[in-house]
Amino acid sequence: MVAGGNPAHTARAILCYQQQSWENRELVVVDYGSRDLTPLLEDIPADELLYLRNDKFEGNPVGLLKNLGIDAARGDYIIHWHESDWHHPDRIRRQMRLIEEGAAINWLSGTLLHLDHPEMVHHPYVDLPKSGYTASLMHVNDNMKRYPEKHRHPDRAFISTWEMSVARKVDPGASWLIVRGLGGGNRDRKRFLSGLRNSSSDIARLAWLRLRGRDRLEHPRFHLTSKARESFQLYLKESRALGLITAIS
């Protein structure tokens, strides 16, 4: 986990790590921020934690910081843990299934996307980026594989170094494994709405709804499975407890 942003986000990501149903794990934290994260890591056993902190980390490319984490990791497999995301307790277990099936590298096709705005706070949708959600990578710990240190999309560039025959995206039906939260500002609202236009069929659905004066919430992406709804409610509960949701009093 590359960390150093919002401490509440970091605390949530650490909580998600602690709640994983996959028990054989370790947490490697590469801290680029100015605030010592040690108090947030006190409950993690010493033999399960590697905390890398250096004032010189700040300002370095994400690719370089991820490489530092890979170099320090002692496990046979690596899963990248985005500090701003909420991770379902079964995330590691589900992605390990693909590893066991021969996928040396895998990532989620999509996530649930949530907007912290009064009109949408209870209405996440399944976000399916064209390349999948590449920040969710899990892969074999291969000493020959490294992130490009200067690249606009380091995760995509990292994927390109692997043979596509051993690369797989987790089925879109498992998008509930990660919830990505956006604030309620104008930029976040635009980002939230733009995710509903990732394909020509999505754009056509939106146009059809608009033409008939229907609510955008009728878009199929908002129609969550019971598992996705359950996951979202857990995300909402834990995020509210940490003060990360402001649109609900």
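Shown above is the structure to which this text applies.
To start, this report covers the structure provided alongside it.

**A few points about the packing of aromatic side chains**
By the definition in use, this model includes seven aromatic pairs. Residues Tyr125 and Phe222 carry aromatic rings whose centres are separated by 5.4 Å and whose planes lie at 70° to one another, so their mutual orientation is edge-to-face. Taken together, the residues span a long stretch of sequence, with Tyr125 in strand 8 (residues 125-127) and Phe222 in the loop between helix 6 (200-211) and helix 7 (226-241) at a distance of 97 residues. Grouping residues by exposure puts Tyr125 and Phe222 together as buried. Arranged with centres 6.4 Å apart and planes meeting at 55°, the rings of Phe192 and Phe222 form a pair that is tilted. With Phe192 in helix 5 (residues 186-194) and Phe222 in the loop between helix 6 and helix 7, this pair connects stretches of sequence that are 30 residues apart.

**Comments concerning the pattern of salt bridges**
Evaluation of the coordinates by the stated rule reveals nine salt bridges. Between Arg25 and Glu48 there is a salt bridge, with its nearest N and O atoms 3.8 Å apart. Of the two residues, Arg25 is situated in the loop between helix 1 (7-18) and strand 2 (27-31) and Glu48 in the loop between strand 2 and strand 3 (49-53); the sequence distance between them amounts to 23 residues. Both residues of the pair, Arg25 and Glu48, belong to the buried class. The closest approach of N and O atoms between Asp71 and Arg146, which form a salt bridge, is 2.5 Å. Placement of the pair is Asp71 in helix 2 (residues 62-72) and Arg146 in the loop between strand 9 (133-140) and helix 4 (154-159), with a sequence separation of 75 residues.

**What to know about the nonpolar core**
Counting residues in each nonpolar core, the largest one holds 40 residues, and the members touching the most others are Met1, Leu27, Val29, Leu41, Trp81 and Leu112. Within the residue set of this core, elements represented by two or more residues are helix 1, strand 2, helix 3 (91-100), strand 9, strand 11 (178-182) and helix 7. Contact partners of Leu27, with chain neighbours within four places excluded, come to Met1, Ile14, Tyr17, Leu41, Ile44, Glu48, Leu49 and Leu50. Listed in part, the 14 residues of the second largest apolar core include Ile70, Ala104, Ile159 and Ala167.

**Some words on the side chain of Thr111**
Tracing the chain through its elements places Thr111 in strand 7 (residues 111-115). At 3.3 Å, the side chain of Thr111 and the side chain of Arg180 are in polar contact. Setting aside its immediate chain neighbours within four residues, Thr111 contacts Tyr125, Val126, Asp127, Tyr133, Ser175, Ile178 and Arg180.

**Concerning the pairing of strand 6 (residues 105-108)**
Neither face of strand 6 is exposed, since Ile105 and Trp107 on one face and Asn106 and Leu108 on the opposite face are all buried. Strand direction decides the pairing type here: strand 6 and strand 9, joined by three bridges, are antiparallel. Within strand 9, the position partnered with Ile105 by the bridge is His139. Note: strand 6 against strand 10 (residues 167-170), four bridges, orientation parallel. Residue pairing for strand 10: Trp107 is matched across the bridge by Lys169.

Rules of the game
In this convention, every chain numbers its residues from 1, walking through the sequence in written order. Thresholds applied to this predicted model are a pLDDT of at least 70 for local features of residues and 80 or more for the giving and counting of side-chain atom pairs; totals over whole chains, interfaces and linings are not thresholded and use all residues. Values shown for side chains rest on all heavy atoms present in the structure; no hydrogens or waters enter the calculation. The rule is short: rings of Phe, Tyr and Trp, with Trp giving its six-membered ring, pair when the centres are within 6.5 Å, and they are stacked under 30 degrees, edge-to-face over 60, tilted in between. The secondary structure listing takes helices from DSSP runs of H or I that are at least 4 residues long and strands from runs of E that are at least 2 residues long, numbered from the N terminus. The buried label applies to any residue whose accessible area, calculated with a 1.4 Å probe on protein chains only, is under 20% of its type's maximum; exposed applies above 50%, and partly exposed to all values in between. Salt bridges, as used here, are contacts in which a Lys or Arg side-chain nitrogen is within 4 Å of a carboxyl oxygen on Asp or Glu. For this analysis, a nonpolar core means a set of buried residues of the types Ala, Val, Leu, Ile, Met, Phe, Trp, Tyr and Cys, connected via side-chain atoms within 4.5 Å. In what follows, residue pairs with any heavy atoms lying within 4.5 Å of each other are defined as contacts. N or O atoms closer than or at 3.5 Å make up a polar contact, with two conditions inside protein: a donor-capable atom paired with an acceptor-capable one, and, for residues adjacent in sequence, both atoms drawn from side chains. Any two strands with at least two DSSP bridges between them are considered paired.

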